Amino acid sequence: MLPLSKPALITIGIFTFLFAWNDLIGPLTYLRSTENFTIAVGIASFRSQTDISWDLQLAASSAVTLPVIALFFLAQRYFIQGVVMTGLKG
C-alpha cells in the first residue's frame, strides 16, 4: 500500500512546505518577537510607509526562492508521478 501512495505523500509534503514557506499572515498575526519572524515577514519588513528598499527586497526574494527550486528538482520525479497518478483509474 505504501509504495503506491509514496508519490502522493511526497506531493502533499511539497505543497505543505510551500504553504508554510510562503505564509505571511499567520506569522505576522501570532509572532511578536522579531527574532521569531519567518522569512516572508522579514522580506515584508523592508517596506515602510514612505519608502521601499527595492534592492534589498529583490535580493532577499531571490535568495528565498533557491531552497524551493532545489526542493522541486530533488523531488521532481515523485511530484510528477503524484500528479500523473491522480488521473489514472485503478
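Description of the structure in this document. Please read all numbers here as calculations on a predicted model, not as lab measurements.

1. Re helix α1 (residues 2–22)
One full turn of an α-helix is made of 3.6 residues, so residues set three or four places apart face in the same direction. Taking 1.5 Å of rise per residue, the 21 residues of α1 would be expected to cover 30 Å, and the 29 Å separating its terminal C-alpha atoms lies within 8% of that figure. By the largest-angle criterion, Ala-8 marks the main kink of α1, which is about 25°. Among the residues of α1, those classed as buried are Pro-7, Thr-11 and Ile-14.

2. A few points about the environment of Gln-76
The residue Gln-76 is located in helix α5 (residues 76–85) in this model. By relative accessible area, Gln-76 is classed as partly exposed at 33%.

3. Regarding a nonpolar patch on the surface
Together, Leu-2, Leu-9 and Ile-12 make up an exposed nonpolar region whose accessible area comes to about 320 Å². Among the secondary structure elements, Ile-12 is positioned in helix α1.

4. Brief notes about the packing of α1 against helix α4 (residues 54–74)
Across the interface, α1 lies against α4 with an axial gap of 11 Å and an inter-helix angle of 175°. Taken together, the axes of α1 and α4 lie roughly antiparallel to each other. Contacts between α1 and α4 involve Phe-17, Leu-18 and Trp-21 from the former and Val-64, Pro-67, Val-68 and Leu-71 from the latter. Considering only residue class, the contact of α1 with α4 consists of seven nonpolar, no polar and no charged.

5. Brief notes about the side chain of Gln-57
Within the secondary structure, Gln-57 sits in helix α4. Apart from the residues lying within four places of it in its own chain, the contact partners of Gln-57 are Ile-43, Phe-46, Arg-47 and Ile-52.

Conventions used here
Residues numbered from 1 in each chain as written. Predicted model: local features only at pLDDT ≥ 70, side-chain atom pairs only at ≥ 80, totals over all residues. Heavy atoms only, no water. Helix = DSSP H or I, 4+ residues; strand = E, 2+ residues; numbered from the N terminus. Expected span 1.5 Å × (residues − 1). Bend = angle between axes of the 7 residues up to and from the residue. Buried < 20%, exposed > 50% of the residue type's maximum accessible area, 1.4 Å probe, protein only. Patch = residues over 30% accessible without salt bridge, like charges linked within 9 Å, V, L, I, M, F, W, Y side chains within 5 Å. Areas by Shrake-Rupley, 256 points an atom, 1.4 Å probe, with all protein chains shown as cover. Salt bridge = Lys/Arg side-chain N within 4 Å of Asp/Glu carboxyl O. Axes fitted to C-alpha atoms, helices over the stretch in contact; angles between N-to-C directions. Parallel < 35°, antiparallel > 145°, perpendicular 65-115°, else oblique. Contact = heavy atoms within 4.5 Å. Nonpolar A, V, L, I, M, F, W, Y, C, P; charged D, E, K, R; others polar.

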